[in-house]
Amino acid sequence: MKVTMDEQRCIRCGFCETIAPEVFSLDGSMVARVKMELIPWHLRDLIYQAAEECPENAIRVID
Ligand code: SF4
């Protein structure tokens, strides 16, 4: 599983980081950042939740 984030859409609301801090980070950047290329299986549900709750539909999950 991979995750991509559309930087043009991100509004830095922080929902993704709150839901899955292992994967998403705002740490000073202008947009959220995906911290890992391949997502471990045990984080799968959190990634789907983050994608669903992103208000700008900026997170894409690639199975
Ligand atoms: S939830 Fe979406 S809009 Fe909010 S910080 Fe994450 S990627 Fe950006």
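Parameters and conventions
Residues numbered from 1 in each chain as written. Predicted model: local features only at pLDDT ≥ 70, side-chain atom pairs only at ≥ 80, totals over all residues. Heavy atoms only, no water. Near = heavy atom within 4 Å. 1 Å grid on protein atoms, 1.4 Å probe; cavity = no way out; pocket = protein on both sides within 12 Å on 5 of 7 lines; lining within 4 Å. Sits in = over half its atoms within 2 Å of the grid points. Nonpolar A, V, L, I, M, F, W, Y, C, P; charged D, E, K, R; others polar. Salt bridge = Lys/Arg side-chain N within 4 Å of Asp/Glu carboxyl O. Helix = DSSP H or I, 4+ residues; strand = E, 2+ residues; numbered from the N terminus. Buried < 20%, exposed > 50% of the residue type's maximum accessible area, 1.4 Å probe, protein only. Contact = heavy atoms within 4.5 Å.

Undergrad: If you had to explain the site of the ligand to someone new, which residues and values would you point to?
TA: If you check the shell around the ligand, you find Met5, Cys10, Ile11, Arg12, Cys13, Gly14, Phe15, Cys16, Ala32, Cys54 and Ile59 and nothing else. A molecule is said to occupy a pocket when more than half its atoms come within 2 Å of that pocket's grid points, and by this definition the ligand occupies the largest cavity. Here the shell around the ligand is built from residues that sort into nine nonpolar, one polar and one charged.

Undergrad: Just give me the short version of the pattern of salt bridges, but keep the residues and values in it.
TA: Applying the stated criterion across every chain yields a total of three salt bridges. Residue aspartate 27 is joined to arginine 33 by a salt bridge in which the shortest nitrogen-to-oxygen separation is 3.0 Å. Ionic pairing is found between arginine 44 and aspartate 63, a salt bridge with its closest N-O pair at 3.4 Å. With a gap of 19 residues between them, arginine 44 in helix α2 (residues 44–53) and aspartate 63 in the segment after β4 (59–62) connect regions that are remote in the sequence. Looking at aspartate 63, the relative accessible area reads 65%, which means it is exposed.

Undergrad: Could you give an account of the environment of methionine 36, naming the residues involved and the relevant values?
TA: Positionally, methionine 36 belongs in the loop between β3 (33–34) and α2. Distance in space between the C-alpha atoms of methionine 36 and lysine 2 is 8.6 Å, their sequence separation being 34 residues. Excluding residues that lie within four positions of it along the chain, methionine 36 makes contacts with Glu22, Val23 and Leu43.

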